[in-house]
Amino acid sequence: MKLLVCGGAGFIGSHFTRVRMQEHGDEVTVLDKLTYAGREENLKDVAELPGFRFVRGGIEDTEAVVGALAAGEAEAIVNFAAETHVDRSIAEPDAFVKTHALGTYVLLEAARERGLRYVQVSTDEVYGSIDVGTFTESSPLRPSSPYSATKTGADLLVQSYFHTYGLQASICRGSNNYGSHQYPEKLIPLMVLNALGGDPLPVYGDGKQVRNWIHASDFARAIGRVLDDGTPGEVYNAGGPDELPNIEVVKRILELTGAEDSLIEYVADRPGHDRRYSLSSNKVRALGWEPRVRFAEGLEQTVRWYRENTWWWEPIRSGEYREYYENQYGRALN
């Protein structure tokens, strides 16, 4: 298949690009504007494969989208392009509105004009928090941050294009992803790199927020299953096989890095912080998908990757990220 993968230089998008090119032989054109979390280095291992193309541009830029579609003669669009960090959405919500609302609209119009298949990559955060039980695709949408609210709006726009125009569009919502190439604002890479560097590990609140963890390669395969076999107009949840409180994840990282528990530093909780996420995956499992990576194995692999790939993360920790970190946590990195 010939795909336009929007946001393909980001964390999950690069995993998806890797899976589709290496396991399916797809031709992939990546459209990415390379903001702080999108990096061409994430695509280093596929950049020389036949059928790979990279186009720099944002999804809100109609000319960039049209050019990328034409360059790869795309048959389908998979949209990962997003502002994804909740803390940034609280500080700077305007960028989230622009990318998620206007950007999704531009892509949907392009897909509608050309009769293309479309998959929107979304998040469990659109459902809000759940104390007990598990969210299904029919659960109410109750976003609690500018990030999740704008992602919810994008999902609803996608569904409207199916119902109004008959666009062959589906939505795939994932739980908390982890793995290699993840920008270190997120919990796992943040804690791994701080532990390796001897910096305090900032834990929000009491650290007992529960998350449903899925390896990025497993989520990539779930999205691919929806692309290949999903029913247009439908939503598919892809939750990971393991749920853990954040503090348990942090303690496991300390064990794997050999760092001391004394590095844990409890900080003021994030405004509107959801307590627990949990996704049912029965619907996407019915398409033939199963997660391959359990959390214990995947976390060990992830810690090893960051330990062995300093070339990837050292430029991040020496750049704009340091200023962000100091503003966010009130202290500088070592």
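Owing to the predicted nature of the structure, the values given are computational and were not obtained by experimental measurement.

**Concerning the sheet that holds strand E10 (residues 235–238)**
What links the strands of a sheet is backbone hydrogen bonding, and the strands pair in either a parallel or an antiparallel sense. One open sheet accounts for 7 strands, arranged E3-E2-E1-E4-E5-E6-E10; its pairing is parallel. Either end of the sheet is taken by a strand with one partner, and the two such strands are strand E3 (52–56) and E10. Averaged over all pairs of adjacent strands, the angle between their axes in this sheet comes to 20 degrees, without regard to strand direction. Here 5 bridges tie strand E1 (residues 2–6) to strand E2 (residues 27–32), and the two strands are oriented parallel to one another. Within the sheet, the bridge partner assigned to Cys6 lies in E2 and is Leu31. On top of the sheet, helix H1 (residues 11–24) reaches E1, E2, E3 and strand E4 (76–79); it is set at about 170 degrees to E1, its chief contact. Strands in contact with helix H2 (residues 62–72) are E1, E2, E3 and E4; relative to E2, the strand with the most contacts, it is inclined by about 165 degrees.

**Focus: the packing of aromatic side chains**
A complete count under the given rule lists 15 aromatic pairs for this structure. Ring plane angle 55 degrees and centroid distance 4.8 Å describe the contact between Tyr161 and Tyr165, whose orientation is recorded as tilted. Within this pair, Tyr161 and its partner Tyr165 are both found in helix H5 (residues 146–165), separated by 4 residues, close to a single helical turn. A relative accessible area of 6% places Tyr161 in the buried class. Considering the side-chain rings of Tyr325 and Tyr329, the 4.8 Å spacing of their centres and the 50 degrees angle between planes classify their relative orientation as tilted. One end of the pair, Tyr325, and the other, Tyr329, are both in helix H12 (residues 320–329), 4 residues apart, so they sit about a helical turn from each other. The exposure class assigned to Tyr329 is buried, which follows from its relative accessible area of 15%. In textbook terms, an aromatic cluster arises when at least three aromatic residues are bridged by ring pairs, as seen for Tyr183, Tyr204, Tyr321, Tyr324, Tyr325 and Tyr329. Arg39 extends its terminal NZ or CZ atom over the ring of Trp312, reaching a point 4.8 Å from the ring centre. The side chain of Lys44 reaches across the aromatic face of Trp311, ending 4.5 Å from its centre.

**A short note on the packing of helix H6 (residues 187–197) against helix H8 (residues 246–257)**
Geometrically, a packed helix pair is captured by the angle between its two axes and the distance between the axes. Two elements in contact, H6 and H8, have axes whose closest approach is 10 Å; the angle formed by their N-to-C orientations is 35 degrees. Here H6 and H8 pass one another in a crossing that is right-handed. Across the interface between the two elements, Leu187, Ile188, Met191, Val192, Ala195 and Leu196 of H6 pack against Asn246, Val249, Val250, Ile253, Leu254 and Thr257 of H8. Across the contact of H6 with H8, the residue classes break down as 10 nonpolar, 2 polar and no charged.

**Quick notes on the side chain of Gln209**
Residue position: Gln209 is located in the loop between strand E8 (201–204) and strand E9 (210–215). One polar contact links Gln209 to His273, side chain to side chain, over a distance of 3.4 Å. Filtering out sequence-adjacent residues up to four positions away, Gln209 remains in contact with Tyr204, Leu244, Pro245, Asn246, Asp269, His273, Asp274 and Arg275.

**A short note on the packing of H6 against helix H10 (residues 295–308)**
Put simply, H6 and H10 touch, their axes get as near as 10 Å, and they point 50 degrees apart. Considered as vectors, H6 and H10 are oriented oblique to each other. Remark: the crossing between H6 and H10 carries right-handed chirality. Taking contact as the criterion, the partners of Ile188, Pro189, Val192, Leu193 and Leu196 in H6 are, on H10, Phe295, Leu299, Thr302, Val303, Tyr306 and Arg307. Residue composition of the contact of H6 with H10, by class: 9 nonpolar, 1 polar and 1 charged.

**Section: the environment of Glu75**
Inspection of the secondary structure puts Glu75 in the loop between H2 and E4. A residue is classified by how much of its surface remains accessible, and Glu75, at 43% relative accessible area, is partly exposed. A C-alpha to C-alpha distance of 37 Å links Glu75 and Val303, two positions 228 residues apart in sequence. If we ignore the near neighbours within four places in the chain, the residues touching Glu75 are Met1, Lys2, Leu116 and Arg117. Only 2.7 Å separates the side chain of Glu75 from the backbone nitrogen of Lys2, close enough to count as a polar contact.

Procedures and definitions
- Residues numbered from 1 in each chain as written.
- Predicted model: local features only at pLDDT ≥ 70, side-chain atom pairs only at ≥ 80, totals over all residues.
- Heavy atoms only, no water.
- Pairing = 2+ DSSP bridges.
- Helix = DSSP H or I, 4+ residues; strand = E, 2+ residues; numbered from the N terminus.
- Axes fitted to C-alpha atoms, helices over the stretch in contact; angles between N-to-C directions.
- Contact = heavy atoms within 4.5 Å.
- Phe/Tyr/Trp six-rings, centres within 6.5 Å; stacked < 30°, edge-to-face > 60°.
- Buried < 20%, exposed > 50% of the residue type's maximum accessible area, 1.4 Å probe, protein only.
- Lys NZ or Arg CZ within 6 Å of the ring centre and 35° of its normal.
- Left-handed = near helix turned anticlockwise from the far one by under 90°.
- Nonpolar A, V, L, I, M, F, W, Y, C, P; charged D, E, K, R; others polar.
- Polar contact = N/O pair within 3.5 Å; in protein donor to acceptor, adjacent residues only side chain to side chain.
- Parallel < 35°, antiparallel > 145°, perpendicular 65-115°, else oblique.

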